[in-house]
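Secondary and tertiary structure notes
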Amino acid sequence: MMQVDPWRFTVLGYQAGLAQPVFLAMVAVGLLLGLLALTLSLRRRSRVRAVLHERHAERFTPGISVWRPATQGGLYGLGLALFGFALAQPQCGTKSELTKRRGIDVVVALDASKSMLARDVQPSRLERAKLELTTLLDELKGDRVGLVVFAGDAFIQSPLTSDYAAVKLFLRAVDPEVMPQGGTNVGAALRLSKQVLENADRGSKERVVVLLSDGEDLFGEVGEATDALKEAGVQVLTVGVGSESGEPIPVYDRRGEFVDYKKDDAGETVITRLDRAGLMAIAEGTGGAFYFQPRGVAMSQVVERIDQMQKSELESRVTVRYDERFQSYAVPGLVLLVLGMMLVPSSRRRPSS
């Protein structure tokens, strides 16, 4: 259904509004049905009068009422209109509430190097990781999430935020083909993730970096970054993506069509493998954990780990809540519909002899 922004206005000094104004269309439909029923009844009466004299109409059409169908249609139409207004969620009056958001700060470091295009995990390592990250965002409750994307270098794709829809939008834009520098620099991603957590306003007591990667590191800076995270008390939950048996890296043209597999300088096909030992070392070095599912990404276990951590108050603010008044229209609408069903359009009876 088409989304329409809520309507806000003032009635007799009270703040009022409609949360779902799109349902006002049902109000118009109900009123039109009632008007149509009345119009058809009047036309039916005119046709009867045109054929029969008014004093003979009752004798030849016993029990046929002109007004009962109009009344029944009016009840249906008005009932539908009231239901439509109730679905529009009328609101009148407001009250202020102090809302507190509790959770932890989570930075997701996503590997977007060319090796993540390998298809040993369907549809590819990267697309599967994106899918599982979307699942993570759907499961989190109150936590702030940031997104760091890396290949040969790392950059902040999304700062820490509780707006999960915005993070999903940034996630969809991740593409290895547009990364400014090739290669895989896990150390740079970990250092930048630490920086994002340290720059957070009112940071949480427990902080986590979720690293999704095949683990292949070409720069050798992981050790220093791991030690820095351990010293800062940040756990790294590493999630392995890919297979240990190895898979060639596909190469695509500008139209996204497969061309060949990546070759090295000697002309040999490059094989990318999951570096389980490297990812486990990062996790163990920071007091975190390593997760791996051969046919997918072990995100459900990551969610369980995060849920068990101590939550901190990340945000408190005063919100304005509108009082719902839909019951005042839904109940009368139901009564009118029931009365319309109980009303018989005609009451047939035998003509007197």
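Residues numbered from 1 in each chain as written. Predicted model: local features only at pLDDT ≥ 70, side-chain atom pairs only at ≥ 80, totals over all residues. Heavy atoms only, no water.

**With respect to the overall build of the protein**
Let me state the cut-off plainly: Put simply, DSSP H or I for four residues or longer makes a helix, DSSP E for two residues or longer makes a strand, and each gets a number counted from the N terminus. Exposure classes here rest on a 1.4 Å probe applied to the protein chains alone. A residue is buried below 20% of its type maximum, exposed above 50%, and partly exposed in between. Should any heavy atoms of two residues lie within 4.5 Å, those residues are considered in contact. Computed by Shrake-Rupley with a 1.4 Å probe, the accessible areas treat only the displayed protein chains as cover when residues are assessed.
The helix and strand tally for the protein stands at 10 helices and 14 strands. Considering the protein as a whole, with its 353 residues, one finds that 40% of them fall into the buried category. A separation of at least 24 residues holds for 80% of the contacts in the protein among residues at least 6 apart in sequence. When the accessible area of the protein is evaluated, it comes to approximately 19,700 Å², of which 54% is carbon and sulfur surface.

**Remarks on the environment of Val-236**
With respect to the element layout, Val-236 can be found in strand E8 (residues 234–240). The spacing of Val-236 and Thr-286 is 50 residues in sequence and 6.0 Å in space, taken between C-alpha atoms.

**A word on the packing of helix H4 (residues 125–139) against helix H5 (residues 164–172)**
Basically, it comes down to this: Where helices are involved, their axes are fitted lines through C-alpha atoms of the stretch in contact, as for all axes, and angles between N-to-C directions lie from 0 to 180°. For this classification, under 35 degrees means roughly parallel, over 145 means roughly antiparallel, 65 to 115 means roughly perpendicular, and everything else is oblique. Residue polarity follows a fixed list, in which Ala, Val, Leu, Ile, Met, Phe, Trp, Tyr, Cys and Pro are nonpolar, Asp, Glu, Lys and Arg are charged, and the others, Gly among them, are polar.
At their nearest, the axes of H4 and H5 sit 10 Å apart, and the two run at 175 degrees to each other. Taken together, the axes of H4 and H5 are roughly antiparallel relative to one another. On the side of H4, the interface is formed by Lys-130, Leu-133, Thr-134, Leu-137 and Asp-138, while H5 contributes Tyr-164, Val-167, Lys-168, Leu-171 and Arg-172. For the contact of H4 with H5, the class distribution of residues is five nonpolar, one polar and four charged.

**Some details on the nonpolar core**
Applied cut-off: For the purposes of this section, nonpolar cores are sets of buried Ala, Val, Leu, Ile, Met, Phe, Trp, Tyr and Cys residues that join through side-chain atoms within 4.5 Å.
Residues Val-108, Leu-110 and Leu-212 are the most contacted members of the largest nonpolar core, which totals 35 residues. Among the elements of the structure, strand E4 (105–111), H4, strand E5 (144–150), H5, strand E7 (207–213), E8, strand E13 (289–292) and helix H9 (299–307) are those that each provide at least two residues to this core. Of all the elements, H4 adds the most residues to this core, at five residues. Formed by 27 residues, the second largest nonpolar core is a distinct cluster that contains Val-148, Leu-197, Leu-229 and Phe-290.

**Here's the deal with empty space enclosed by the protein**
Selection criterion: Space inside and on the surface of the protein is sampled on a 1 Å grid over the protein atoms alone, with a cavity defined as a set of points where a 1.4 Å probe fits but cannot get out and a pocket as an open set with protein on both sides within 12 Å along at least 5 of 7 lines; lining residues have an atom within 4 Å of a point. Grid points are joined across faces, edges and corners, and a volume is the space filled by probe spheres set on the points.
Here the structure, examined in full by the defined rule, presents one cavity of 30 Å³ or more. In this structure, the largest cavity spans a volume of roughly 50 Å³. What lines the largest cavity is Val-108, Leu-133, Leu-137, Val-145, Gly-146, Leu-147, Val-167 and Leu-171. Every element with two or more residues in the lining of the largest cavity is listed here: H4, E5 and H5. Looking at which element gives the most residues to the lining of the largest cavity, the answer is E5, with three residues. Residues of the lining of the largest cavity, tallied by class, amount to seven nonpolar, one polar and no charged.

**So, the packing of aromatic side chains**
Note on aromatic pairs: each is described by the distance of the centres and the angle between the planes. In plain terms, the rule: Here a pair means two rings of Phe, Tyr or Trp (six-membered ring of Trp) with centres within 6.5 Å. Their orientation is stacked below 30 degrees between planes, edge-to-face above 60, and tilted elsewhere. Here, a charge over a ring means that NZ of Lys or CZ of Arg falls within 6 Å of the ring centre while also lying within 35 degrees of the ring normal.
This structure, assessed with the given rule, holds four aromatic pairs. The interplanar angle of 75 degrees and the centroid separation of 6.3 Å between the aromatic rings of Tyr-252 and Phe-258 together place this pair among those described as edge-to-face. On the basis of relative accessibility, which here comes to 26%, the residue Tyr-252 falls in the partly exposed class. A residue is classified by how much of its surface remains accessible, and Phe-258, at 40% relative accessible area, is partly exposed. Here the aromatic cluster, defined as three or more aromatic residues joined through ring pairs, consists of Tyr-252, Phe-258 and Tyr-261. When the ring centre of Phe-258 is taken as origin, the NZ or CZ atom of Arg-119, which lies over that ring, is 5.5 Å away.

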